[in-house]
Amino acid sequence: MRLERIRLQLIRLPLREPFRIASGVTHERRILLTRLDFGGVEGIGECVAGEAPFYSAETVDTARLVIERHVGPALLGRELAGPEDVAPLLDSAARGHAMAKAALEMATWDAFARAAGVSMTDALGGRGGSVLAGVSLGIQDDTAALLDRVADYLDQGYARIKLKIAPGRDLDVVAAVRVQFPGISLTVDANAAYSVRDLNRLRALDDFGLDYIEQPFPPDALLLHAELQAHLDTALCLDETITSPERCRDALKLGACRVVNIKPGRLGGYVRSVEVHDACAEVDVPVWCGGMLESGIGRAHNLALATLPNMTLPGDTSASDRYWVRDVVDPPFTLNEDGSVDVPTGPGIGVTLDEDFLHSIEEDRLDLR
Ligand code: OSB
Ligand code: MG
């Protein structure tokens, strides 16, 4: 198929409540949607880059610029044999900018799956059905309020609770949650906020029966993570560090983690995500699908990825109402009583866009030909 047009549709979607992680806070999302036209077959993607560069170096504005000037032109007018052709083309046009590239690569997968009349899950070789969902709670000022939120999410059925932590906002909070909810599946995510000076504090987290501790140290700190992992019973899980399959293999070889969070935006799309998934499976390291506060479009992509066989831990693939008063897909994603979310079965990512709503929250649109 030949890519005839890239539409960059920028929408503004307010979060139900601010989401605070160690490195910054998000109040609303400006989301760049990539709508590709392959001669009448549309493929849809969502760029997960945030407003400010506190998770990675990319932002929604850098992604828009890089797509417009560099990676978009590398793809436009091309005759593609399949979606596997995309990543090498984009890599030859720009180094880095994984989130910008992923938004094009994943939209191309969607288009090819739609054209073939198969679901994205089938296109990836996943098992379909539903996937277990966890929920990620931002840093809260008030621990009593946090405990109420945890109780509410557990009532709803979420299969795992993840607490965002930062130095000094960690041991007391985790202890309070563990005392109140002794048996639950509980994890923490530090978003790279700790340093070598915090080793004792991190080792103290070993006492809480956590499923894993996510990304304590900065992204580049492979050896430091390996050193910490050697002194912990609890598994480390890497997120920000895992920017490529090569880096993932290094992390596995060094023993820098025992769990990996796969985010297709961070890895540049599906092909690299599957490669990371497979590399982990080879050494029996379980993986799960992370989230970046996606709308229903990115969520649908993540759910398809989460059906792969080594995705054995609950993902940050929560229901639409955990994030949004109104999602951009109709129907929105809901949580089943058993804590799972159904994976769409229709062609491609299998969601129907609420075009009227999208139009009403559109901030900008750019068509590249
Ligand atoms: O570290 O997983 C993270 C959100 C924004 C940036 C980084 C992270 C997160 C989350 C939210 O934890 C996960 C979700 O989308 O539910
Ligand atoms: Mg994380």
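What you are looking at is a predicted structure, and each value in this text was computed from that prediction instead of being measured.

(A) Main features of the overall build of the protein chain. Across its full length, the protein chain holds 13 helices and 13 strands. In summary, the protein chain has a C-alpha radius of gyration of 20 Å against a globular reference of 21 Å for 369 residues, a match within 12%. Summarising its shape, the C-alpha atoms of the protein chain cover approximately 55 × 40 × 35 Å along the three principal directions. Of the roughly 14,300 Å² that the protein chain leaves accessible, carbon and sulfur atoms contribute 48%. With 37 positive and 56 negative side-chain charges, the protein chain shows a spacing of 4 Å between the two charge centroids.

(B) Broad picture of the pattern of salt bridges. Under the definition given, this model contains 27 salt bridges. A salt bridge links D364 to R64; the shortest N-O distance between them is 2.5 Å. Highlighted residues: D364 in strand 13 (residues 362-368) and R64 in helix 1 (residues 60-75), separated in sequence by 300 residues. We classify D364 as partly exposed; its relative accessible area is 27%. Across the salt bridge formed by D354 and R326, the nearest N and O atoms sit 2.9 Å from each other. Within this pair, whereas D354 is found in the loop between strand 12 (340-342) and helix 13 (355-360), its partner R326 is found in the loop between helix 12 (296-305) and strand 12, the two being separated by 28 residues in sequence. Judged by relative accessible area, D354 falls into the buried class, the value being 16%.

(C) Structural view of helix 1. The end-to-end C-alpha separation of helix 1 is 20 Å, well short of the 22 Å expected for 16 residues at 1.5 Å each. Along helix 1, the largest kink reaches about 55° and is centred on I67. Those residues of helix 1 that sit buried are V60, A63, V66, I67, V71, G72, A74 and L75.

(D) Here's a closer look at the coordination of the magnesium ion (ligand 2). Surrounding the magnesium ion (ligand 2) are the protein donor atoms D189 (OD), E214 (OE) and D239 (OD), at 2.1 to 2.2 Å. Read from N- to C-terminus, the donor residues coordinating the magnesium ion (ligand 2) fall into the pattern D-x24-E-x24-D. Taken together, the residues E214 in strand 8 (residues 213-214) and D239 in the loop between strand 9 (236-238) and helix 9 (245-254) connect sequence positions 25 residues apart. Across the pair, D239 and E214 agree in class, each one buried.

(E) Fine view of the site of ligand 1. Ligand 1 sits among 15 residues. The nearest are D189, N191, K263, L293 and Y323. A distance of 2.9 Å separates an oxygen atom of ligand 1 from a polar side-chain atom of K263. Between L293 and ligand 1, the recorded distance is 2.8 Å, taken from a backbone N or O atom to an oxygen atom. Its free accessible area being 390 Å², ligand 1 has 97% of it covered by the protein chains. Under a 2 Å grid-point criterion requiring more than half of the atoms, the pocket assigned to ligand 1 is the largest pocket. Taken together, the residues that form the shell around ligand 1 break down as 5 nonpolar, 3 polar and 7 charged.

(F) Representation of the side chain of N191. Take N191: it is sitting in the loop between strand 7 (186-189) and helix 7 (199-204). In contact with N191, other than residues within four places in its own chain, are I21, A22, S23, Y55, K164, E214, Q215 and E240.

(G) Local environment of the pairing of strand 1 (residues 5-21). The pairing of strand 1 with strand 2 (residues 24-38) spans 13 bridges and is antiparallel. Looking at strand 2, one finds that R20 is bridged to V25. Hairpin connection of strand 1 to strand 2: 2 residues between the antiparallel strands.

(H) Molecular detail of the sheet that holds strand 1. Sheet architecture is open: 4 strands sit in the order 3-2-1-13, paired in antiparallel fashion. Edge positions in the open sheet fall to strand 3 (41-47) and strand 13, since each of these has one partner strand only. Shown here is a sheet whose adjacent strand axes are inclined to one another by a mean of 25°, direction ignored. Two elements, strand 2 and strand 3, share 7 bridges in a ladder whose sense is antiparallel. Residue pairing across strands places D37 opposite E42, the latter belonging to strand 3. Here helix 1 sits on the sheet and contacts strand 1, strand 2, strand 3 and strand 13; the angle it forms with strand 2, its principal contact strand, is near 25°.

(I) Representation of the packing of aromatic side chains within the structure. If you walk through the whole model with that rule in mind, you get 5 aromatic pairs. Ring plane angle 20° and centroid distance 5.5 Å describe the contact between Y212 and W288, whose orientation is recorded as stacked. Of the two residues, Y212 is situated in the loop between helix 7 and strand 8 and W288 in strand 11 (residues 287-289); the sequence distance between them amounts to 76 residues. For the residue pair Y212 and W288, the accessibility class agrees, reading buried in each case.

How each quantity is defined
Residues numbered from 1 in each chain as written. Chains lettered and ligands numbered in written order. Predicted model: local features only at pLDDT ≥ 70, side-chain atom pairs only at ≥ 80, totals over all residues. Heavy atoms only, no water. Helix = DSSP H or I, 4+ residues; strand = E, 2+ residues; numbered from the N terminus. Rg over C-alpha atoms; globule rule 2.2 N^0.38 Å. Areas by Shrake-Rupley, 256 points an atom, 1.4 Å probe, with all protein chains shown as cover. Lys, Arg positive; Asp, Glu negative; His and termini not counted. Charge placed at Lys NZ, Arg CZ, Asp CG, Glu CD. Salt bridge = Lys/Arg side-chain N within 4 Å of Asp/Glu carboxyl O. Buried < 20%, exposed > 50% of the residue type's maximum accessible area, 1.4 Å probe, protein only. Expected span 1.5 Å × (residues − 1). Bend = angle between axes of the 7 residues up to and from the residue. Donors = N, O, S within 2.8 Å, 3.2 Å for Na, K, Ca; no water. Near = heavy atom within 4 Å. Polar contact = N/O pair within 3.5 Å; in protein donor to acceptor, adjacent residues only side chain to side chain. 1 Å grid on protein atoms, 1.4 Å probe; cavity = no way out; pocket = protein on both sides within 12 Å on 5 of 7 lines; lining within 4 Å. Sits in = over half its atoms within 2 Å of the grid points. Nonpolar A, V, L, I, M, F, W, Y, C, P; charged D, E, K, R; others polar. Contact = heavy atoms within 4.5 Å. Pairing = 2+ DSSP bridges. Axes fitted to C-alpha atoms, helices over the stretch in contact; angles between N-to-C directions. Phe/Tyr/Trp six-rings, centres within 6.5 Å; stacked < 30°, edge-to-face > 60°.

All quantities given are derived from atomic positions and should not be read as evidence of function.
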